[in-house]
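Residue strings, one per chain:
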Amino acid sequence: MQKRMRHSKFRNTGILFELLTKQVTADIIAGKETSVAKDLLYKYFRENTELGREWQLYSSLLNEKIKDDPHAERFLNVVLESRKKLNGKKLAQLKYDLISEVKETYPIDEMLRAPVRNYRVLASIFKVFEDVASSDCKFDVNEVYQSKNCIVEHIVDKPKVTRSEDELINCYQTQTEDIRLLTYKLLVEKFNDKYSEVLDDGQKSVLREYICNVANTNNFDVFVKSKVAEIKQSLTEMIGKIKDADVTKIKIREVVNQLDKINPGKLVKDNHVMVLMLSYELLKEIKKQTEGISHAA
């Protein structure tokens, strides 16, 4: 006998990820120095965990845009084949452990009542994943069909994106639009208030990678290492152009010292991001000084 599926927010990996990212934003607004939600994202949604792998499959179905139904259906089938390969017991245990840790810090019932963008699509993904992972029961065929149809419609219905949309917001595709906009706005305003200047391309690139790789520390670690090398080289090249500017040279030596403390063999931390932002700010300051000297000459 076929049975109807019951959608569970507790077991929906896509919803769990979104609620945690919303909580990260809430922690930022509250002015907290650390965010347990962010730590949980790092811990449970890494690419080498079953939960991280399932989230990547959710993300693929949420963000992939294909021109027509036949191609979208084939893409969905490929994703479902990948979902079959996940270890169900490990996945269930990770979800249980994650929920337990969330309950220790946050009011989980209030979090689950929060509105979720693309809820219908996320629920449909959950149902088709449950269907392919199930070996001892058969779910209602019509319900599975409706869920697959919902996903295909979402994949084919490509949203219009204007060219004027900021690159940072475009990059944050794994999150809901409201969270992407709010997070970007908060981060930019925070740094603008501190430095009283608009972020340059280097600083934007740091923020972009920081946001996009919240659950992929390996990618961000590689990015940070490359930026440290670039900044140190730029500072070395510029120090020879500075004349009678002892204060600036002291700043350069201090920044280089801080950059050297970013150990390539260790996990990238929030203060490392701040060091990169300060380094780019110093580079802007030096460029203004050298340009002023050049014009005066």
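Residues numbered from 1 in each chain as written. Predicted model: local features only at pLDDT ≥ 70, side-chain atom pairs only at ≥ 80, totals over all residues. Heavy atoms only, no water.

Draft legend 1. Representation of the pattern of salt bridges within the structure. The final tally for this structure, using the stated rule, is 11 salt bridges. Across the pair R83 and E54 runs a salt bridge whose closest N-O atoms are separated by 2.9 Å. Here R83, found in helix 4 (residues 69-84), pairs with E54, found in helix 3 (residues 50-63); they are 29 residues apart in sequence, far enough to count as distant. The exposure class of R83 is buried, given its relative accessible area of 5%. Taking the shortest distance from any N to any O, the salt bridge between K84 and E81 comes out at 3.0 Å. With K84 and E81 both in helix 4, this residue pair falls three residues apart, about one helical turn. Judged by its relative accessible area of 45%, K84 falls in the partly exposed class. (Salt bridge = Lys/Arg side-chain N within 4 Å of Asp/Glu carboxyl O. Helix = DSSP H or I, 4+ residues; strand = E, 2+ residues; numbered from the N terminus. Buried < 20%, exposed > 50% of the residue type's maximum accessible area, 1.4 Å probe, protein only.)

Draft legend 2. Spotlight on helix 4. Between its terminal C-alpha atoms helix 4 stretches 23 Å, which fits the 22 Å expected from 16 residues at 1.5 Å a residue. Those residues of helix 4 not exposed but buried are A72, L76, V79, L80 and R83. Projected down its long axis, helix 4 shows its buried positions confined to an angular sector of 100°, all on one face. Residues of helix 4 that are buried sit in contact with helix 3, helix 5 (88-105), helix 7 (119-133) and helix 8 (141-156). (Expected span 1.5 Å × (residues − 1). Arc of directions from axis to C-beta. Contact = heavy atoms within 4.5 Å.)

Draft legend 3. Spatial organisation of the nonpolar core. Grouped together as the largest cluster of nonpolar side chains are 42 residues, with contacts concentrated most on L20, F45, L61, L98, V102, I125 and F129. Every element with two or more residues in this core is listed here: helix 1 (13-29), helix 2 (36-44), helix 3, helix 4, helix 5, helix 6 (108-113), helix 7 and helix 8. In this structure L98 touches L16, L20, L40, Y44, F45 and L51, once residues within four positions along its chain are discounted. Within the second largest apolar cluster, 21 residues are counted, among which are V206, L259, V275 and M277. (Core = buried A, V, L, I, M, F, W, Y, C linked by side-chain atoms within 4.5 Å.)

Draft legend 4. Up close: the environment of L112. For L112, the position within the fold is in helix 6. With residues up to four places along the chain from it excluded, the contact list for L112 reads K9, F10 and L19.

Draft legend 5. Spotlight on the environment of V255. Structurally, the position occupied by V255 is in helix 13 (residues 246-260). Separated by 23 residues in the primary sequence, V255 and K232 have C-alpha atoms spaced 8.8 Å apart.

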